[in-house]
Amino acid sequence: MQRYKATIEYDGTSFVGWQFQKNGLSIQEVLQKAIFNFSKEKVVVTGAGRTDSGVHALAQVAHFDLKKKIKKKNLLPGINQHIGNRPVTILKINKASKKFHARFDAKKRTYLYKIINRQSPLALQKSKAWHIRKKLDMNVMKKGAKLLLGTHDFSTFRASSCGAKSPIKTMEKIEIKKNKDNITFKFISKSFLQQQVRSMVGCIKYLGEGKWNLDIFKKSFKSKKRTKCAPPAPACGLYLAKIKY
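Quick look at the structure, then. (Residues numbered from 1 in each chain as written. Predicted model: local features only at pLDDT ≥ 70, side-chain atom pairs only at ≥ 80, totals over all residues. Heavy atoms only, no water.)

**Brief notes about the pattern of salt bridges**
(1) Moving on: Within the structure shown, the criterion is met by ten salt bridges.
(2) Moving on: Here D52 and R198 are joined by a salt bridge, their closest N and O atoms 3.9 Å apart. With a gap of 146 residues between them, D52 in the loop between β2 (46–47) and β3 (56–66) and R198 in helix α4 (residues 196–208) connect regions that are remote in the sequence.
(3) Moving on: D52 gets classed as partly exposed once you look at its relative accessible area, which sits at 22%.
(4) Moving on: A salt bridge links E175 to K173, with the nearest nitrogen and oxygen atoms 3.1 Å apart.
(5) Moving on: One salt-bridge network, in which partners are shared between bridges, spans K173, E175 and K177. (Salt bridge = Lys/Arg side-chain N within 4 Å of Asp/Glu carboxyl O. Helix = DSSP H or I, 4+ residues; strand = E, 2+ residues; numbered from the N terminus. Buried < 20%, exposed > 50% of the residue type's maximum accessible area, 1.4 Å probe, protein only.)

Given below as structure tokens:
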């Protein structure tokens, strides 16, 4: 039995998320079917992050096991060929130790969130970014983001369906950068609660458009109550960008 580590890119727009579900097509299902059609072996593909419906990945990492010996040069093109025209592709595959676990061995996860801040509607990036017309105040958004750094109880930003054992997480880094109309958030942590990034972005956006001041933002965060959270940012702007082992 050989374990493989795969790095995967996908457009999550038309999927129900990473995790296999009965109510629609998931990225996990696409990959498992492609690997079966190529190798004739049933596998379970375990991902490092269970991205929600509509969320994209630049470098999701997953592992799976195969009994058959397959030449490395045939594995990557073979599986990608069987994925077909789905917006999913394996960027690279390497042999891994039998003990390697894509989810539990991850040391750091990096998520990006993309906002396009302009009046005109989106044509090319409609399902790839959050379109906000009102001009956002970068200065106050950066001040709000700073309050989220470090180890805290992030219950305010936690989805009711989140299965994490604890709401306590450590935000190692938050960056907000602007280039013309494009605003990009970068969040780095060992792990995240379900909808945490989108909820944090939603609250920071309230700051940026003047709906909240820093005091209200802080009270919302410290309340540990989901009801005090601003509406979460839409899934279309979120990208699982990097996983470090």
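Having seen the structure, we can now continue with the description.
**Topic: unusual backbone geometry**
(1) Moving on: Phi is positive for K40, which is not a glycine, with a value near 65 degrees.
(2) Moving on: Mapping K40 onto the fold places it in the loop between α1 (27–39) and β2.
(3) Moving on: At K180, a position not held by glycine, the phi torsion is positive, near 60 degrees.
(4) Moving on: Relative accessible area serves as the criterion here: at 72%, K180 is assigned to the exposed category.

**Side note on the pairing of strand β5 (residues 108–117)**
(1) Moving on: Among the ten residues of β5, eight are classified as buried, and the element is accordingly described as predominantly covered.
(2) Moving on: Pairing of β5 with strand β10 (residues 238–244) involves six bridges; the strand directions are antiparallel. Across the sheet, the residue bridging to Y111 is L240, located in β10.
(3) Moving on: Pairing of β5 with strand β9 (residues 182–189) involves eight bridges; the strand directions are antiparallel. Among the inter-strand pairings, I116 is bridged to a residue of β9, identified as N182. (Pairing = 2+ DSSP bridges.)

**Quick notes on the packing of α1 against helix α2 (residues 72–83)**
For any two helices packed against each other, one specifies the crossing angle of their axes together with the interaxial distance.
(1) Moving on: Running from amino to carboxyl end, α1 crosses α2 at an angle of 120 degrees, the nearest separation of the two axes being 8 Å. Crossing geometry of α1 relative to α2 is assigned as right-handed. Across from V30, L31, A34, I35, N37 and F38 in α1, the residues of α2 making contact are N74, L75, G78, I79, H82 and I83. (Axes fitted to C-alpha atoms, helices over the stretch in contact; angles between N-to-C directions. Left-handed = near helix turned anticlockwise from the far one by under 90°. Contact = heavy atoms within 4.5 Å.)

**Remarks on the layout of surface pockets**
(1) Moving on: Approximately 970 Å³ is the volume attributed to the largest pocket.
(2) Moving on: What lines the largest pocket is a set of 33 residues, among which R50, R103, F192, L193 and Q194 lie closest to the centre.
(3) Moving on: Counting residues per element, the ones that place at least two in the lining of the largest pocket are β5, β8 (168–179) and α4.
(4) Moving on: Here the residues of the lining of the largest pocket sort into 14 nonpolar, eleven polar and eight charged.
(5) Moving on: A volume near 160 Å³ is recorded for the second largest pocket.
(6) Moving on: Among the residues making up the lining of the second largest pocket, the classes are represented as six nonpolar, two polar and three charged. (1 Å grid on protein atoms, 1.4 Å probe; cavity = no way out; pocket = protein on both sides within 12 Å on 5 of 7 lines; lining within 4 Å. Points joined across faces, edges and corners; volume = space filled by probe spheres on them. Nonpolar A, V, L, I, M, F, W, Y, C, P; charged D, E, K, R; others polar.)

**Quick word on helix α5 (residues 214–223)**
(1) Moving on: Those residues of α5 not exposed but buried are F217, S220 and F221. Taken down its axis, α5 places every buried residue within 95 degrees of arc, on the same side.
(2) Moving on: On the buried face of α5, the contacting elements are α3 (138–147), β7 (150–153) and α4.
(3) Moving on: The distance from a side-chain oxygen at the start of α5 to the backbone nitrogen of D215 is 3.1 Å, and the residue carrying that oxygen is N213.
(4) Moving on: Positive phi appears at K224, one or two residues downstream of α5, with a value of about 60 degrees. (Arc of directions from axis to C-beta. Polar contact = N/O pair within 3.5 Å; in protein donor to acceptor, adjacent residues only side chain to side chain.)

**Description of the packing of aromatic side chains**
(1) Moving on: As enumerated under the stated definition, the model contains ten aromatic pairs in all.
(2) Moving on: Where Y4 meets F64, the ring centres are 5.6 Å apart and the plane angle is 25 degrees; that geometry is what we call stacked. Residue Y4 is found in strand β1 (residues 2–10), and its partner F64 is found in strand β3; the two are separated by 60 residues along the sequence.
(3) Moving on: On the basis of relative accessibility, which here comes to 2%, the residue F64 falls in the buried class.
(4) Moving on: In this structure an aromatic cluster arises from ring pairing among F154, F157 and F221.
(5) Moving on: Of note, K114 hangs over the ring of Y239, and the distance from its end group to the ring centre comes to 4.6 Å. (Phe/Tyr/Trp six-rings, centres within 6.5 Å; stacked < 30°, edge-to-face > 60°. Lys NZ or Arg CZ within 6 Å of the ring centre and 35° of its normal.)

**Considerations on the nonpolar core**
(1) Moving on: Membership of the largest hydrophobic core comes to 70 residues, with the highest contact counts inside it found for F64 and F185.
(2) Moving on: Those residues in contact with F185 that lie beyond four places of it in its chain are Y111, L112, Y113, I115, M141, E175, I176, V201 and I204. (Core = buried A, V, L, I, M, F, W, Y, C linked by side-chain atoms within 4.5 Å.)

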